[in-house]
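Read off the chains here:
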Amino acid sequence: DKYTIEIGFYEPISDDAVEAVAERLENYLHAYLDENVEFSSNRTRTKKPVVQMMQEMDVIVERGLGEYRNRLGKSFPGFSQLVEDQLRGMNDTRLSAARFNIKRKEDDTERNRRITFARQGLTSLKELVDSEVRMHLARESMVLRDRAVFTDQSTERTMNTLAVNLGYGGIYNSGTTDDLSYGQAAFAGLSFPLGRRAFASRFMSNSSLSAGVFLQNTVDENDLEVTGPLVGRPLYLAYGYRLFHMVRLNAGYTLLQKESPQPDGGTSTTIYGSPFIGVSLELNLWLGFGK
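Chains are numbered independently. Their residues run from 1 in the order of the written sequence. The model is predicted, so local features are restricted to residues of pLDDT at least 70 and side-chain atom pairs to those at 80 or more, both for listing and for counting; the totals for chains, interfaces and linings are taken over all residues. Each side-chain value is worked out from all heavy atoms of the structure, with water and hydrogens disregarded.

J.: Explanation requested: the nonpolar core in the structure shown.
T.: Most often, soluble globular proteins have nonpolar side chains that are buried together. Residues enter a nonpolar core if they are buried and are Ala, Val, Leu, Ile, Met, Phe, Trp, Tyr or Cys, with the set joined through side-chain atoms within 4.5 Å. Buried, partly exposed and exposed residues are distinguished by accessible area as a fraction of the type maximum, computed with a 1.4 Å probe on protein chains only: under 20%, between the cut-offs, and over 50%, respectively. The biggest cluster of nonpolar side chains holds 27 residues, and the ones touching the most others in it are M57, V61, F79, V83, L87 and L125. A run of DSSP states H or I qualifies as a helix once it reaches four residues; a run of E qualifies as a strand once it reaches two. Both are numbered from the N-terminal end. In terms of residues, this core owes the most to one element, helix α1 (residues 15–36), which gives 7 residues. With residues up to four places along the chain from it excluded, the contact list for V83 reads M54, M57, L125, L128, V129 and E132. Among the nonpolar cores identified, the runner-up in size contains 9 residues, and I171, A185, F187 and Y236 belong to it. Residue contacts are defined here by distance: any two heavy atoms, one from each residue, within 4.5 Å place the two residues in contact.

This is how it looks when you write it as structure tokens:
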């Protein structure tokens, strides 16, 4: 396939430049908080849900640092639970005289005292936000100085492999754990992975679907030969999960066929399905021409 590749070139910045970035972010965040936290004579509240405010504050920092990176390549993790708790504490909080911890002045009115108390909480929140921003910028910071873009670059196709499934399994005939009847034989087939390790979760990359044929016929609980349609051997379709590097546990269904004798001396053909389990080795065979 063809890909567009973008390479950014970064260089370290001075402490003064870091300080300027921090101050700019703090001004943005302070303005945001001033806009979205309002006071009245007896309560404070946020104009937006606290979860939304936390998300929007994170976006302000992420966009403000769009052209900056740190040496460790760590992006801003978002504001902490402490910031969220303080925001929730300010949301629709009733102000009562019992909560005041500021010194009362003789000429202060009750309303002014309450608003002053509420603004102290907002100031404390701003200081916490500032400290978390500066904590992130304390790592060695770098700024984007140049960018190179390579469009529609052709790439070499990856190696093609064919996954061959070789194993041994048991096919259920009848009965329970006390009188279980089953047939057993080796099987072979092809596996098709449900995900690539680089792009899928561990569970999906370890999972596969396989289809194939048992290499021998088996017998049922009445000692009648059990074969399969089309090729004269039991056919199977199974889900497999990789336990180790090459070992897979398989569970699926088989398509079977058997000839049953009839009272008139003839036979009747029955095609049916039955579950099976097995263990297999998955071998990746490379397919290529001249490479």
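J.: Would you mind showing me how to read the sheet that holds strand β1 (residues 2–12) here?
T.: In a beta sheet, neighbouring strands are held together by backbone hydrogen bonds and run either parallel or antiparallel to one another. Read across the sheet, 3 strands follow the order β1-β6-β4 without closing on themselves; strand pairing throughout is antiparallel. Strand pairing shows two members of the sheet lacking a second neighbour, β1 and β4 (68–70), which therefore form its edges. Strand-to-strand twist in this sheet, taken as the mean axis angle between neighbours without regard to direction, amounts to 45°. Pairing of β1 with strand β6 (residues 141–154) involves 10 bridges; the strand directions are antiparallel. What sits directly across from P12, in β6, is M142. Strands are labelled as partners when DSSP assigns at least two bridges between them. For helices, the fitted axis covers only the stretch in contact; all axes are lines through C-alpha atoms, and the angles between them, taken along N-to-C directions, range from 0 to 180 degrees.

J.: How should the pattern of salt bridges be read in this particular structure?
T.: Any two side chains of opposite charge can pair if their charged atoms end up close together. In the sections that follow, a salt bridge refers to a side-chain nitrogen of Lys or Arg positioned within 4 Å of a carboxyl oxygen of Asp or Glu. On inspection of all chains with the given rule, the structure shows 12 salt bridges. Taking the shortest distance from any N to any O, the salt bridge between E56 and K48 comes out at 3.0 Å. Using a relative accessible area of 27% as the deciding quantity, one classes K48 as partly exposed. What you see here is one network of salt bridges that share partners, running through E19, E26 and R134.

J.: What exactly am I supposed to notice about helix α3 (residues 81–90) here?
T.: Turn by turn, an α-helix covers 3.6 residues, leaving residues three or four places apart pointing in a common direction. Looking at α3, one finds that the buried residues are V83, E84, L87 and M90. Each buried residue of α3 sits inside an arc of 125° when the element is viewed along its axis, so together they form one side. This arc is built from the directions going out from the helix axis to the C-beta atoms.

J.: Sorry if this is basic, but what is going on with the pairing of strand β12 (residues 235–242) here?
T.: The side chains of a regular strand alternate, residue by residue, between the two faces of the sheet. Pairing of strand β9 (residues 207–214) with β12 involves 7 bridges; the strand directions are antiparallel. Within β12, the residue paired with A211 across the bridge is L237. Relative to strand β13 (residues 247–261), β12 is paired through 8 bridges, and the arrangement is antiparallel. Following the sheet pairing, L237 is matched in β13 by Y253.

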